[in-house]
Structures are given as structure tokens and as C-alpha cells.
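What follows is the residue order along each chain.
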Amino acid sequence: MGIAGRKIRPLVAGNWKMNGDKASLAEAEAVRDALLGPFASLAADVMIAPPVTLLAGFAAALGGGPVLLAGQDCHPRPCGAHTGDIAAEMLKESGASAVIVGHSERRADHGETNAEVRAKAEAAHRAGIGAIVCIGETKDERIAGLTLDVVRRQLKESMPEISTAANTVLAYEPVWAIGTGLTPTAEDVKDVHAAIRDVLVDLFGMEGDKMRILYGGSVKPDNAAVLMAVENVDGALVGGASLKASDFLAIVRTYVGE
Ligand code: 13P
């Protein structure tokens, strides 16, 4: 499907991970300025997930503009004795309209299970913000031919029952493609996204047909157009290339309607 034939409004989200300081606001402002100017005909939503320390400051500078903001993780509970954790309600109050949950770095570094990821996504819904639920296979799982099994299982176990196209976005991020410069072929991405779409429709009926499925993992200006043109790829979750406005905008540009 070409960009022009899309039924689902795409989302291009930048996950800054543990990068950025106050001076990085300039990059986010450059993205905003492009969306207000040369990219005004953009047929996509654009989001940045900065570290939580920057969220409120970014919201003060960018709030109400075309750049949406997101958190990178949340705790399942709304408050309590959870040192170092952040509630979805806190993210919302700080200006986030969504939160990434279940990123493979959270799953690997903090041992997060599908059940915990699901509880975090439910917390986002409770707080009234969107959940961006991440799934993806490891290199060993891919080599063993288990990609579709792993992805289907993560999907079924991580998605809250009340997920809708408005409150939940799915992000397929093969772990071996994250930060490595490696990407699956367009054909592989097509197969996995088709399998994800089938499970979403099984789980959520018509709503599953409208949910956005993002691809993430080494999306760069030079491969974005090919990856984003794949059927059932409804946008991108971009790591390293989202830190510089010029690179991020080159990816976002894929969706400028002409
Ligand atoms: P890279 O784009 O740096 O590979 O990171 C992808 C990612 O993990 C986004 O969440």
C-alpha cells in the first residue's frame, strides 16, 4: 500500500531513551518548527518520548503544538511506596499523551514480564493516556524460527482487554535490530506485521483492524521510506535517529503528503 492509500493515520515516535538534557529542547523545537512550516502538510502524528526529567519542560515549551509527548515507562499503580517509579497519572500531568511500555530494554534490564507490561498498559488507560506496547523477538528466537510464535504470545499476553485503536499502539521491535544498524527485510517486516494484524483482529475485532502497528529497530533516514511503505506498517518507533532533529525530520518526511 502506498502512502496515499493509507486508511490509518501513521505515528512517528522518537524514543530518546536515557539521552538528552535541557539543551536538547532545541532539537524538539526544531521538529515543532518544521511541522508548523515546511511539513505543515504532514499526514502523520509526531511524538517525542524524552527522559522523564525533561517532560514537563518540553511540555511547557511545546504544549498544544504539533509535537506530542510521551513517557518511556510507568508503574502499574497510581501512587504509593515505589521509590524511583513514575505513575501514568504523573506522566499525564507532566504533559504526556502516551507512554511506551514493554520496551525490550525494560524487559531485558528490569525483567519485565508480559503480565507486568499489560498492567502498565492498563495503568496508561486508567490515567487517560495512550499505551505504546512493544514486542519483538531476540536474535536467537529468530534464528530458531520462533519469531511469529514469540510475537503472537507477547501480543496476546501484553495487551489489555479494553485496548482500542484510540488508546493503544503496537510497536514491533526485533531486539536484534535495535541500535545495531541491522533491519529485517521489507518482506520479513510484512510477514510479521500481517501476523500481528491477524492477532489484533482476533482479539479486538474491527478495532484491531484500525490499531496502529509501528516498526522499530534501526530506522534511519535512508531506510525509512522502504520500511514505512510496507503493508500494515503504520509508522515508526525511532531510537538513535530521533535525537537529532535533522535525522528525525528526514524520517518524518516520509509522510509529507504531496
Ligand atoms: P534504534 O532506532 O536506535 O535502533 O532504537 C529503536 C528503539 O528501540 C526505539 O524504541
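Provided above is the structure to which this section pertains.
The structure displayed is predicted, hence computed values, not measured ones.

Chemist: Looking at this structure, how should I read the pattern of salt bridges?
Modeler: Where side chains of opposite charge bring their charged atoms close, a pairing between them can arise. All told, the structure shown has 16 salt bridges when counted by the stated rule. With its nearest N and O atoms 3.0 Å apart, the salt bridge here joins R212 to D45. Of this pair, R212 sits in strand β7 (residues 212-216) while D45 sits in strand β2 (residues 45-49); the two residues are 167 residues apart in sequence, bridging distant segments of the chain. For R142, the salt bridge is made with E137, and the minimal N-O distance between the two is 2.8 Å. Among the charged side chains, a network of salt bridges with common partners joins D73, R106, E112 and K120.

Chemist: Please explain the packing of helix α5 (residues 114-127) against helix α7 (residues 147-158) as it appears in this structure.
Modeler: For any two helices packed against each other, the geometry comes down to the angle between their axes and how far apart the axes lie. In the contact formed by α5 and α7, the axes pass within 8 Å of each other and the chain directions differ by 45°. Taken as axis vectors, α5 and α7 run oblique relative to one another. Crossing hand, α5 versus α7: right-handed. Across the interface between the two elements, N114, A115, V117, R118 and A121 from α5 touch R153, Q154, K156, E157 and S158 from α7. Classifying every residue of the contact of α5 with α7 by side-chain character gives 3 nonpolar, 3 polar and 4 charged.

Chemist: Looking at this model, I keep getting lost on the site of the ligand. Mind explaining?
Modeler: Inspection of the region around the ligand gives N15, K17, H103, E173, A177, I178, G179, G217, S218, L237, G239 and G240 as its neighbouring residues. Between the ligand and the protein, one listed contact pairs an oxygen atom with a side-chain N or O atom of K17 at 2.7 Å. Between the ligand and H103, the relevant distance is 2.7 Å, taken from an oxygen atom to a side-chain nitrogen or oxygen of the residue. When the ligand is considered free in solution it has 310 Å² of accessible area, and contact with the protein chains removes 97% of it. Across the shell around the ligand, the residue classes break down as 3 nonpolar, 7 polar and 2 charged.

Chemist: It is not clear to me how the pairing of β2 should be interpreted in this structure. Could you clarify?
Modeler: Residues in a regular strand point their side chains to alternate faces of the sheet. Of all 5 residues in β2, 4 are buried; the element is thus mostly enclosed. The pairing of strand β1 (residues 11-15) with β2 spans 5 bridges and is classified as parallel. Counterpart to N15 in the pairing with β2 is A49. A crossover links β1 with its parallel partner β2, the connecting element being helix α1 (residues 25-36), and its sense is right-handed. Inspection of the sheet shows β2 paired to strand β3 (residues 67-71) by 3 bridges, in the parallel sense. In the sheet register, M47 faces β3, and the bridge partner there is L68. A crossover connection joins β2 to the parallel β3 through helix α2 (residues 52-62); in handedness this β-α-β unit is right-handed.

Chemist: In this structure, what is going on with the nonpolar core? I would like to understand it.
Modeler: Grouped burial of nonpolar side chains is what soluble globular proteins tend to show. Counting residues in hydrophobic clusters, the biggest one holds 66 residues, and the most contacted among them are V31 and I196. With 6 residues, helix α8 (residues 186-204) is the largest single contributor of residues to this core. With residues up to four places along the chain from it excluded, the contact list for I196 reads I135, V151, L155, L170, Y172 and I213. Formed by 13 residues, the second largest nonpolar core is a distinct cluster that contains M47, A49, A98 and I132.

Chemist: Is there a simple way to explain the sheet that holds strand β4 (residues 98-101) in this structure?
Modeler: Through backbone hydrogen bonds, the strands of a sheet pair up, either in parallel or in antiparallel fashion. Read around the barrel, 8 strands follow the order β1-β2-β3-β4-β5-β6-β7-β8 and close on themselves; strand pairing throughout is parallel. Strand-to-strand twist in this sheet, taken as the mean axis angle between neighbours without regard to direction, amounts to 25°. In the sheet, β7 pairs with strand β8 (residues 235-238) via 2 bridges, with the strands oriented parallel. The residue bridging G216 from the neighbouring strand is L237, located in β8. Docked against the sheet, α5 engages β4, β5 (130-135) and β6 (168-172), running at close to 160° with respect to β5. Across the sheet, α8 touches β5, β6 and β7, and the angle it forms with β7 is around 150°.

Reading guide: rules and limits
- The residue count restarts for each chain, going from 1 along the sequence in the order it is written.
- With the structure being a predicted model, the display of local features is reserved for residues of pLDDT at least 70 and the display and counting of side-chain atom pairs for 80 or more, all residues being used for whole-chain, interface and lining totals.
- For the side-chain quantities, the full set of heavy atoms in the structure was used; hydrogens and water were omitted.
- Each salt bridge in this description consists of a side-chain nitrogen of Lys or Arg and a carboxyl oxygen of Asp or Glu lying within 4 Å of one another.
- Counting from the N terminus, the helices are the DSSP runs of H or I reaching at least four residues and the strands are the DSSP runs of E reaching at least two.
- An axis is simply a line fitted to the C-alpha atoms; with a helix, the fit covers only the stretch in contact. Between two such axes, the angle follows the N-to-C directions and lies from 0 to 180 degrees.
- These descriptions rest on fixed angle ranges, namely under 35 degrees for roughly parallel, over 145 for roughly antiparallel, 65 to 115 for roughly perpendicular, and the rest for oblique.
- Each crossing gets its handedness from the near helix: less than a right angle anticlockwise from the far helix is left-handed, clockwise is right-handed.
- Contacts are assigned to residue pairs that have any heavy atoms within 4.5 Å of one another.
- Polarity classes work like this: nonpolar for Ala, Val, Leu, Ile, Met, Phe, Trp, Tyr, Cys and Pro, charged for Asp, Glu, Lys and Arg, and polar for all others, with Gly in that last group.
- Here a residue is considered near a molecule or strand provided that any single heavy atom belonging to it is located within 4 Å of it.
- Any pair of N or O atoms that falls within 3.5 Å is considered a polar contact. Within protein, one atom must be able to donate a hydrogen and the other to accept it, and sequence-neighbouring residues count only if both atoms are side-chain atoms.
- Exposure was quantified through the Shrake-Rupley algorithm and a 1.4 Å probe, taking into account, for residues, occlusion by the shown protein chains and nothing else.
- Throughout, exposure labels follow a simple rule: accessible area from a 1.4 Å probe, protein chains only, divided by the maximum for the residue type, with under 20% read as buried, over 50% as exposed, and the rest as partly exposed.
- When DSSP finds at least two bridges between two strands, those strands are taken to pair.
- Handedness of a crossover is defined as follows: orient the strands so they point away from the viewer, and if the path from the first strand over the helix to the second runs clockwise, the crossover is right-handed.
- We define a nonpolar core as any set of buried Ala, Val, Leu, Ile, Met, Phe, Trp, Tyr and Cys residues linked to one another through side-chain atoms lying within 4.5 Å.

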